[in-house]
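# Summary of the model geometry
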Amino acid sequence: MTFTLAGVLAGRALGRGASRAKTLRSLVAAGGAVTAFGLLLAQATPVIRHIATSSFVVLCAGLGTLGLALAYWLVEMVRVPALPVFFIVLGRNPIFIYVFALSGGALWLRAVVQPFTMGFAGWIGEGGAQILTALAVWALMWALCYGMYRRKIFLKI
């Protein structure tokens, strides 16, 4: 419910017709304030995703708004040409990516990728190899969404 409300508020901020600079400032200000409140709230209740504690929900809403501000800045102000397609591919199959990741698909991809990325652990360190593994899994999940997008396969409720 809170994520839906945050999404509606962010959508309204984008659709109200203000200048790009003003829209970006409002997204950054709101995202920063909500993130700070989430971190403050984390002092009273721990940030736990599995039970969606209040601090987790508020912190994620703030970070999501900051992520939206970054995407808005890159797409609308910097005008990175390929970026809209990147987000469209993910946005067309959010149900697939969610179900795939939570049903073990991400773990399966990690098991496939990890032997290769951990081979780099000697020169980038184990922490760097784990980050590389996560990025590779994420890229493969995006590639799955891209393949579905190209074939016009969209999962809907």
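## Focus on the pattern of salt bridges
Counted according to the given criterion, the structure contains 1 salt bridge. A salt bridge links Arg20 to Glu76; the nearest nitrogen and oxygen atoms lie 3.6 Å apart. Remark: Glu76 occurs in helix H3 (residues 54–78) and Arg20 occurs in helix H2 (residues 20–41); sequence separation between them is 56 residues. For Arg20, a relative accessible area of 39% corresponds to the partly exposed category.

## Description of the confidence of the model for the chain
Across the chain, the average pLDDT comes to 90, with 99% of residues at 70 or higher. Taken element by element, the predicted model of the chain shows its lowest mean pLDDT in helix H1 (residues 2–15) (82) and its highest in H2 (94).

## Here's the deal with a positive patch on the surface
A surface patch of like charges, here positive, comprises Arg92, Arg150, Arg151, Lys152 and Lys156. By the element assignment, Lys152 lies in the segment after helix H7 (121–150).

## A short note on the state of the cysteines
Formally, a disulfide is one covalent bond, and it connects the sulfur atom of one cysteine to the sulfur atom of another. This model, assessed by the stated rule, comprises 0 disulfides. Considering cysteine sulfurs only, Cys60 is the nearest to Cys145, which forms no disulfide, with 20 Å between them. Residue classification places Cys145 among the buried residues on the basis of a relative accessible area of 0%.

## Things to note about the packing of aromatic side chains
Tallied over the entire structure, the rule returns 6 aromatic pairs. Relative to Trp138, the ring of Phe86 has its centre 5.6 Å away and its plane inclined at 40 degrees; by these criteria the two rings are tilted. In this pair, Phe86 sits in helix H4 (residues 83–92) while Trp138 sits in helix H7, placing the two residues 52 residues apart along the sequence. On the numbers, 5.5 Å between centres and 25 degrees between planes, the contact of Phe96 with Phe100 is stacked. Placement of the pair is Phe96 and Phe100 together in helix H5 (residues 94–102), with a separation of 4 residues, close to one helical turn. Since its relative accessible area comes to 17%, Phe96 is described here as buried. Exposure remark for Phe100: the relative accessible area of 17% places this residue in the buried category. Counting every residue linked through ring pairs, the aromatic cluster contains Phe86, Phe87, Trp138, Trp142 and Tyr146. The lysine or arginine in question, Arg92, covers the ring of Phe154, its NZ or CZ lying 4.1 Å from the ring centre.

Thresholds, definitions, all that
- Counting starts from 1 at the beginning of each chain's written sequence and moves along it residue by residue.
- Reporting of local features is limited, given that this is a predicted model, to residues whose pLDDT is at least 70; pairs of side-chain atoms are given and counted only at 80 or more, and all residues count toward the totals for whole chains, interfaces and linings.
- Side-chain measures here rest on the full set of heavy atoms in the structure, leaving out hydrogens and waters.
- Only one rule defines a salt bridge in this text: a Lys or Arg side-chain nitrogen within 4 Å of an Asp or Glu carboxyl oxygen.
- We count a stretch as a helix when DSSP gives it H or I for four or more residues in a row; a strand needs E for two or more, and each element gets its number in order from the N terminus.
- Classification of residues uses two cut-offs on accessible area relative to the type maximum, computed with a 1.4 Å probe and protein chains only: under 20% is buried, over 50% is exposed, and between them is partly exposed.
- Confidence scores per residue from the predictor, reported as pLDDT, run from 0 to 100.
- Residues form patches when they are more than 30% accessible in relative terms and have no salt bridge. Like charges link within 9 Å. Nonpolar side chains (Val, Leu, Ile, Met, Phe, Trp, Tyr) link within 5 Å.
- For the accessible areas, the method is Shrake-Rupley and the probe is 1.4 Å, while residue cover comes only from the protein chains on display.
- We count Lys and Arg on the positive side and Asp and Glu on the negative side, and we leave His and both chain ends out.
- By convention, the point assigned to a charge is CZ for Arg, NZ for Lys, CD for Glu and CG for Asp.
- For this text, the term disulfide refers to a pair of cysteine sulfurs within 2.5 Å.
- Working definition: rings of Phe, Tyr and Trp (its six-membered ring) pair if their centres are within 6.5 Å, and the pair is stacked with planes under 30 degrees apart, edge-to-face with planes over 60 apart, and tilted otherwise.
- Should the NZ of a Lys or the CZ of an Arg lie within 6 Å of a ring centre and within 35 degrees of the ring normal, that charge is described as sitting over the ring.

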